[in-house]
Amino acid sequence: MNFGTALKDWRTRRHLSQLDLALRAGTTQRHVSFMESGRSLPGRGMVLRVAESLELPLRERNGLLFAAGFAPSYPETRLDDPAIRPVLDGLRRLLDGHRPYPAIVVDRYGVLVAANDGFRLLTEGVAPELLREPVDTLRLALHPEGMAPRVRNLDDWARHILERLRSDLARTPDDRLAAQLAELEGYLPPPSAPGPEHLGFAVPVRLATSAGELRLITAITTFATAADVTVSELKLETFLPADAETAERLHTTSPVV
């Protein structure tokens with residue numbers, strides 16, 4: 001895809017007019033029109049300004065630069081590269097600090113990067129093959145041999161996961177993510193109407209465990225100032241007790257350290 005077509009596609013996805021984008025990027029509507037039609041070739045600085053104005057993830061900013069004929073601006077460091085170790089060490093400290101509540105770190109596609117001890121309660125009784133690396137936490141959550149049989153409000157919980165994926169896809173098309181969504185949808189019956197616990201802003205998962213039923217809500221943290229593609233795509237997902245009983249059960253079952 002050439003730069004002009006890519007720019008128009010992203011602008012349309014963001015529901016912005018040419019004037020809206022021009023105002024955000026500090027240029028003119030005429031210039032945006034010329035860039036989209038190919039009559040004007042933008043410089044590297046303009047491509048970066050436009051990408052930032054469109055709120056593109058770093059991977060997609062690199063893609064827009066490439067479409068315009070420039071080398072990527074943002075590195076993509078492997079997780080096993082020593083340069084990224086301080087970031088991973090910091091995340092592991094956050095995981096440990098969240099105990100006894102479960103917490104995980106995943107990549108762009110929900111592949112498990114790290115987890116704390118509380119994760120074992122989430123994975124009780126799941127099929128061993130679902131825990132072989134690389135662990136797909138999205139598949140783990142909804143697979144019939146994963147967590148799904150122990151989720152007491154599976155309809156609401158599945159809806160929460162699928163809606164988040166659909167939202168991500170609407171903002172940033174991705175073939176692999178689309179394939180994951182199709183796979184997850186295949187595990188579930190046709191959706192029913194939202195239940196009484198479907199609050200929109202906080203859907204608790206009711207999970208049967210050896211410690212009793214846990215009611216957990218999730219919070220997701222990302223690196224807002226990341227300048228590396230890999231780091232920008234890491235997500236810290238923490239599970240918080242939705243009631244006092246859950247908090248007590250997690251503290252009671254927490255291993256002594």
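Everything below is about the structure shown above.
Residues numbered from 1 in each chain as written. Predicted model: local features only at pLDDT ≥ 70, side-chain atom pairs only at ≥ 80, totals over all residues. Heavy atoms only, no water.

Engineer: I'm lost on the nonpolar core in this one. Help?
Structural biologist: Inside soluble globular proteins, nonpolar side chains tend to come together where they are buried. Grouped together as the largest cluster of nonpolar side chains are 35 residues, with contacts concentrated most on Leu122, Leu142, Trp157 and Leu216. The set of elements that each furnish at least two residues to this core consists of strand E1 (103–106), helix H7 (119–122), helix H8 (137–142), helix H9 (154–171), helix H10 (175–186), strand E3 (205–209), strand E4 (212–222) and helix H12 (244–253). With 6 residues, H9 is the single largest residue contributor to this core. Leu7, Leu16, Met46 and Leu54 belong to the second largest nonpolar core, which has 18 residues in total. (Core = buried A, V, L, I, M, F, W, Y, C linked by side-chain atoms within 4.5 Å. Buried < 20%, exposed > 50% of the residue type's maximum accessible area, 1.4 Å probe, protein only. Helix = DSSP H or I, 4+ residues; strand = E, 2+ residues; numbered from the N terminus.)

Engineer: Explanation requested: the packing of aromatic side chains in the structure shown.
Structural biologist: Any aromatic ring pair is given by two values, namely how distant the centres are and how the planes are angled relative to each other. Counted under the stated rule, the structure contains 0 aromatic pairs. Between the NZ or CZ atom of Arg39 and the centre of the ring of Phe34, over which it lies, the distance is 4.0 Å. (Phe/Tyr/Trp six-rings, centres within 6.5 Å; stacked < 30°, edge-to-face > 60°. Lys NZ or Arg CZ within 6 Å of the ring centre and 35° of its normal.)

Engineer: For this particular structure, what's the right way to read H12?
Structural biologist: In an α-helix there are 3.6 residues to a turn, and that puts residues three or four apart on one side. All of the buried residues along H12 are Thr246, Ala247 and Leu250. Looking straight down H12, one finds that the buried residues subtend no more than 100 degrees of arc, so they occupy a single side. Of the exposed residues in H12, the ones pointing more than 90 degrees away from its buried face are Ala244 and Thr252. The inward-facing, buried residues of H12 contact H7, E4 and strand E5 (235–241). (Arc of directions from axis to C-beta. Contact = heavy atoms within 4.5 Å.)

Engineer: Please clarify how the pattern of salt bridges should be interpreted in this entry.
Structural biologist: Think of it this way: side chains of opposite charge can pair up when their charged atoms draw near. In total, this model carries 18 salt bridges according to the counting rule given. Measuring nitrogen to oxygen at the nearest pair gives 2.8 Å for the salt bridge that ties Glu233 to Arg59. Of the two residues, Glu233 sits in helix H11 (residues 229–233) while Arg59 sits in helix H5 (residues 58–67), which places them 174 residues apart along the sequence. Looking at Glu233, the relative accessible area reads 14%, which means it is buried. Given the relative accessible area of 28%, Arg59 is considered partly exposed. Across the salt bridge formed by Asp243 and Arg215, the nearest N and O atoms sit 3.1 Å from each other. With Asp243 in the loop between E5 and H12 and Arg215 in strand E4, the pair connects residues that are 28 residues apart, well separated along the chain. What emerges from the salt-bridge pattern is a single network uniting Arg59, Glu60, Glu76, Arg108, Asp174 and Glu233. (Salt bridge = Lys/Arg side-chain N within 4 Å of Asp/Glu carboxyl O.)

Engineer: Help me out: how do you make sense of the pairing of E5 in this one?
Structural biologist: Within a regular beta strand, the side chains point alternately toward one face of the sheet and then the other, so they alternate between its two faces. Pairing analysis gives 4 bridges linking E1 to E5, with the strands arranged antiparallel. Counted as the bridge partner of Ile104 is Glu237 from E5. (Pairing = 2+ DSSP bridges.)

Engineer: Can you help me understand H10 in this one?
Structural biologist: Taking 1.5 Å per residue, 12 residues should reach 16 Å; H10 reaches 17 Å between its end C-alpha atoms and fits that length. Among all positions in H10, only Leu177, Gln180, Leu181 and Leu184 are buried. The buried residues of H10 occupy one face: seen down the axis, they fall within an arc of 100 degrees. Those residues of H10 that are exposed and angled more than 90 degrees off the buried face are Asp175 and Gly186. (Expected span 1.5 Å × (residues − 1).)

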